[in-house]
Amino acid sequence: MNTIPIKICTAICAFNWAIADPCFASPVPSFIRKEFAQQSIASGTVRDGNGQPLENINVTLKGSAVGTQTNSQGQYRLAIPTATGILVFSGIGYTAKEQTLQGSGTYDVALDENTADLDEVVVVGYGSQKKSQITGAIASVSSAEIAAVPVTSPDQALQGRAAGVDVVASGNAPGQGATIRIRGAKSITASNDPLFVVDGIPISGGLNDINPNVIESMEVLKDASATAIYGARGSNGVVLITTKRGLDGKTRINYDTYFGLSSILNKVEVLGSDDWVKYKSASRGTDVLEDLLDPIELNNYQAGRSVDWQDLVLRKGRQQSHSIGVLGGNAKTKFALNANFLEQQGIVKSSSFVRGSIQANLDHQINDHFKIGSSTLLSMSKEQIQNMTQVLGQAMRIGPLGDLYNPDGSYRMFPTSEALLANPMLDLENDINRRIRTRIFASLFGEYEFMKGLKYRLNFGPDITFVDEGRMIGTNTSTIQGGLNRASNAKMDTKAYTLENLLTYTKNWHDQHNLEATLLQSIQQQTYESNSLEAQGIPSEAMLWHDLSAGQIRNFDSDQQQWSILSYMARINYGFKDRYLLTLTARRDGSSRFGQDRKYGFFPSVAAAWRLSQENFLKNTSFLTDLKLRASYGEIGNTALDPYQSLGRLVRRSYMYGSEIALGFEPGTLPNADLMWETSKQTNIGIDFALWNSRLSGSVELYNIRTTDLLLNRALAPHTGYQSAITNIGSTDNKGFELNLSSINLELQSGFRWTTNLNLAINRNKIIDLYGDQQDDVGNARFIGQPINVYYDLQFDGIWQEDEAEQAARYGRTPGQIKVRDTNNDGQINAEDRVILGTPFPKWSGGITNNFQYKGFDLSVFLNVRQGFLINSGIYALDNLEGRYNLPTFVNYWTPENRSNDFPKPVTPGANNPNLSTLRYKDGSFVRIRNINFGYTFKPNQLKHLRMESLRIYLSAQNPFTFTKYKGWDPEAGSEVNSYPSAKLFLLGLNVSF
């Protein structure tokens, strides 16, 4: 009972203080005054380092729930139930401070600004910088953000996390990664993939071998100032991956695990038995079942039997991961070890991906001047691949009235009389395709400090990958159909290394001038070798591809490719008074891929930044925490071209030598000694800001990229003997806008905290020139002033209706057929009516993450958006609508009784249903709840008896909701009937530290 008056008074005090009245200004009942007679009243003003009052600063009595907040003048008044204690002053953007309480009195406090966010160290390539010192456009993704979504590959963790970084799934089969485009596409024929750098070493071959749990941070270098240090390979952006290192202190063991079940995200339902009969009836123009159905179908239909072929090949998938890490060390030696096991069982039967990996990072300080270290990855994966065309493609097309089995219980080869559609279960079981991949990657370094500020570093990075792929196509498959089985085995080895010599010098004068100079010499080389062998008539299909000599050799092949890059780079970072920042970079690259006379390229950049918030005229602005203006210009290259393209290549041909066939070689491609890099000239303007003690922070970017000397195949006159030659010609333009925002929306004394991270990107690319004559290349759908990739076709304009029969006849059409827009109004439909329908590039994309925390509970909701792009989808044009293949239920075809304006009328088998390709182009815009993660972290005192340091248990839902008008498998990656469907995943996870 004694505590009730205290609580009442605390509530009255808080209410009265909110309206800026003294706590006891209102009459207070005598029993409350008596209860507080022996208590203390603490009051005062809280200011910042410049003497400005601070609003909304929390003032609490340590170890209790008693507390209040400062008003707009920085003042507070708090009733304390004891005469002594400790007051804690805390607020967003400021370092907490404690004040000893000695009875009633005035306690004025000054809080120091917390610059932890501005002092955050960001990896920038060949070094690191404080966030406040960066002059380029760089986005960073932390290990916490990576861990929030259960991804299998690091590239998937970037999706929706950084403005200007468009990440789309490469496919949905187990083990597949993602396609990354940084600031859009710039090249027409060369690769638009970014450069990946792991622990300082550039790599190729994807990121699917890396366990996301070992990553400390991922930085995306976007503008020329940031990427120019990578010269010829930086035009498409750079993704830097830094793995976790050991720590000085107590050895820590972390165990992270999850297990989840997956199911198809959007099943494209096809016609059931009754609708199948109606569809065939519309096609044949009769209701007589014997004329519509073959004997098998008729028998099953009359018996009420049907087959859902999709359900036969699909299943509930599962995914599990187990990762154990050990981190520790002392002042001289630090280590970080991690072992991971990942298993994905796909939603299509017999598809799976299993990966085991070990990561070992070691740092050792030999003496005061010399240290060495290493990062070593060993990864092995096994992928079971399904032929989706034969499995899901056929399951979608087969009519529902076929027979699954023969009378003897074996699978029937052709379920119906349709000879082009075989039983998908035969391919599922007898077409075995397995890929085993082994990768050894290391980053080794030695660093010596000659004197204070002057260091030399040697980096060496070997990267070796072995791929062994085998396939057995059995006799009972749709490919062989009872003939001789066929087995093949291919081995592909990639051996690469990077060797770098790095010299850095740092100097600070009078706490005003900061200089960092970096010199680099680097060489990188990669060799790719492959050989393959194929045989038929293997005695036992159980032998798979392990003894091809037991069969009849059918084909063999081998290949080797090698390329190398020699580089020199210099960079200077200069700062004056922590206000004026300058970065100068120059890199010279020589590549073996290009012509004899153009092997070297020079790539300079300059960037400057001005921290206005450090100027006297803004330094005392109360709401402004940080404000920085940035501008950069640079030139970077694209060397993503297959080796030997500059050389004249020979092609083997057969010819008659007398009466016998002989083999010889003839010139196949024209050499080009002047072949060189594509060059991108990029300008970037940016603003970084933090307001209201970093309650709101972010950045705004504007950029323009002009890419010249495009690598294009140019048509040649026939009399030259060559059809085309690859040359440097043409240019593109790429411009955009990016916005990043981070906000602390609520932070209450109760422990409730709500934060938001938002990013938005708009990108536009267009072709400026192609072949130097400002002419379009219509045959390749390339148009001056239009995006690099467009869909160029006739335009769907609905379905001709019966009241339009006369008009339709003028175009040679009848009611129920597709109406195509006559764009030039010449009264006929032909190639001249084709128009640019759209582009696969989104008009804008972005992501938003809301994080909530309350007393150990945490909730994260991550939303991903892509808007305003077009999909070329075969699912919408699955059949000629001639009653042979099944259809999705959304195909609302035209009949005299159902005058649809969406799909044409069915036709008899063999008849033409014109302009069906116009149905393929659909808006792919979507909003996706990418992840919902709900967890609870136990308090330390709850874990003492378990001898744990921390324990978090969580539930996660991946892709639980997608909002889109697109009706195929998935607007992100699922446009064709044989695409691997997307899945939604629900899992339970655990994070434990000892």
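Residues numbered from 1 in each chain as written. Predicted model: local features only at pLDDT ≥ 70, side-chain atom pairs only at ≥ 80, totals over all residues. Heavy atoms only, no water.

## Things to note about the packing of aromatic side chains
This model, assessed by the stated rule, comprises 23 aromatic pairs. Their ring planes at 75° and their centres at 5.1 Å tell us that Tyr448 and Phe450 sit as a pair that is edge-to-face. On the basis of relative accessible area, Tyr448 is assigned to the partly exposed category, the value being 35%. Where Tyr876 meets Phe890, the ring centres are 4.9 Å apart and the plane angle is 40°; that geometry is what we call tilted. Placement of Tyr876 in the loop between strand 45 (870-872) and strand 46 (921-923) and of Phe890 in the loop between strand 45 and strand 46 is noted, with a sequence separation of 14 residues between them. Residue class for Tyr876 comes out buried when judged on its relative accessible area of 8%. (Phe/Tyr/Trp six-rings, centres within 6.5 Å; stacked < 30°, edge-to-face > 60°. Buried < 20%, exposed > 50% of the residue type's maximum accessible area, 1.4 Å probe, protein only. Helix = DSSP H or I, 4+ residues; strand = E, 2+ residues; numbered from the N terminus.)

## Some points on a nonpolar patch on the surface
Together, Tyr448, Phe450, Met451, Leu503 and Leu519 line one region of the surface with nonpolar side chains, adding up to about 470 Å² of accessible area. Broken down by element, the residue count for the nonpolar patch peaks at 3 residues, all from strand 23 (residues 431-451). Mapped onto the elements, Phe450 comes out in strand 23. Residue class for Phe450 comes out partly exposed when judged on its relative accessible area of 48%. (Patch = residues over 30% accessible without salt bridge, like charges linked within 9 Å, V, L, I, M, F, W, Y side chains within 5 Å. Areas by Shrake-Rupley, 256 points an atom, 1.4 Å probe, with all protein chains shown as cover. Salt bridge = Lys/Arg side-chain N within 4 Å of Asp/Glu carboxyl O.)

## A short note on the sheet that holds strand 3 (residues 67-69)
Strand order in the open sheet formed by 4 strands is 3-2-5-6, and the pairing between neighbours is antiparallel. The open sheet has two edge strands with one neighbour each: strand 3 and strand 6 (94-102). Direction aside, neighbouring strands of the sheet carry axes that sit 20° apart on average. Relative to strand 5 (residues 84-91), strand 2 (residues 58-61) is paired through 4 bridges, and the arrangement is antiparallel. If you follow Leu61 over to strand 5, its bridge partner there is Leu87. (Pairing = 2+ DSSP bridges. Axes fitted to C-alpha atoms, helices over the stretch in contact; angles between N-to-C directions.)

## What to know about the UniProt feature "domain: TonB-dependent receptor plug" (unreviewed entry) in the protein
Residues annotated by UniProt as "domain: TonB-dependent receptor plug" (unreviewed entry) correspond here to residues 131-238. The annotated region residues 131-238 carries 8% helix and 28% strand content, and the separation between its end C-alpha atoms amounts to 18 Å. (UniProt positions renumbered as here; feature names shortened; annotations may be inferred.)

## Topic: the sheet that holds strand 16 (residues 215-221)
Spatial ordering of the open sheet is given by 11-16-17-14-15, a layout of 5 strands whose pairing is mixed. In this open sheet, the two strands that pair with only one neighbour each are strand 11 (138-142) and strand 15 (201-203). Geometrically, the sheet is characterised by an average inter-axis angle of 25° between neighbouring strands, direction not taken into account. Of the pairings in the sheet, the one linking strand 11 to strand 16 comprises 5 bridges and is antiparallel in character. Each bridged residue has a counterpart across the sheet, and for Ala139 the counterpart in strand 16 is Val220.

## Things to note about the environment of Gly483
With respect to the helices and strands, the residue Gly483 is situated in the loop between strand 24 (454-473) and strand 25 (486-509). Gly483 sits in the partly exposed class, given a relative accessible area of 31%. The spacing of Gly483 and Gly537 is 54 residues in sequence and 8.7 Å in space, taken between C-alpha atoms.

## Side note on unusual backbone geometry
The backbone phi angle of Ser694 is positive, close to 65°, even though this residue is not glycine. Here Ser694 shows up in the loop between strand 33 (678-691) and strand 34 (696-708). Of note, the phi angle at Asn915 is positive, near 65°, even though the residue is not glycine. Given the relative accessible area of 18%, Asn915 is considered buried.

## Points about the confidence of the model for the protein
Per-residue confidence for the protein gives a mean pLDDT of 88; residues scoring 70 or more make up 95%. A low-confidence stretch, residues 1-37 (pLDDT under 50), is modelled with 28 contacts involving residues beyond four sequence positions or located in other chains. (pLDDT = per-residue confidence, 0-100. Contact = heavy atoms within 4.5 Å.)

## What about the pairing of strand 33?
Most of strand 33 sits out of view: 10 of its 14 residues are buried. Looking at chain direction, strand 30 (residues 624-638) and strand 33 are connected through 14 bridges and run antiparallel. Counterpart to Arg630 in the pairing with strand 33 is Gly686. Relative to strand 34, strand 33 runs antiparallel, the two being bridged by 13 bridges. Bridge pairing in strand 34 links Thr683 to Asn704. What sits between strand 33 and strand 34 in their antiparallel hairpin is a turn of 4 residues, with Trp692 showing a positive phi close to 50°.

## As for the environment of Ala490
For Ala490, the position within the fold is in strand 25. Counting along the chain gives 224 residues from Ala490 to Arg714, while the straight-line C-alpha distance between them is 34 Å. In contact with Ala490, other than residues within four places in its own chain, are Val467, Asp468, Glu469, Asn531 and Ser532.

## With respect to the pattern of salt bridges
On inspection of all chains with the given rule, the structure shows 43 salt bridges. The partner of Lys628 in a salt bridge is Asp688, with the nearest N and O atoms 3.5 Å apart. Within this pair, whereas Lys628 is found in strand 30, its partner Asp688 is found in strand 33, the two being separated by 60 residues in sequence. For Asp688, a relative accessible area of 17% puts it in the buried group. Of the charged contacts, one joins Glu747 and Arg753 as a salt bridge, the two residues approaching to 2.2 Å between their closest N and O atoms. Given the relative accessible area of 27%, Glu747 is considered partly exposed.

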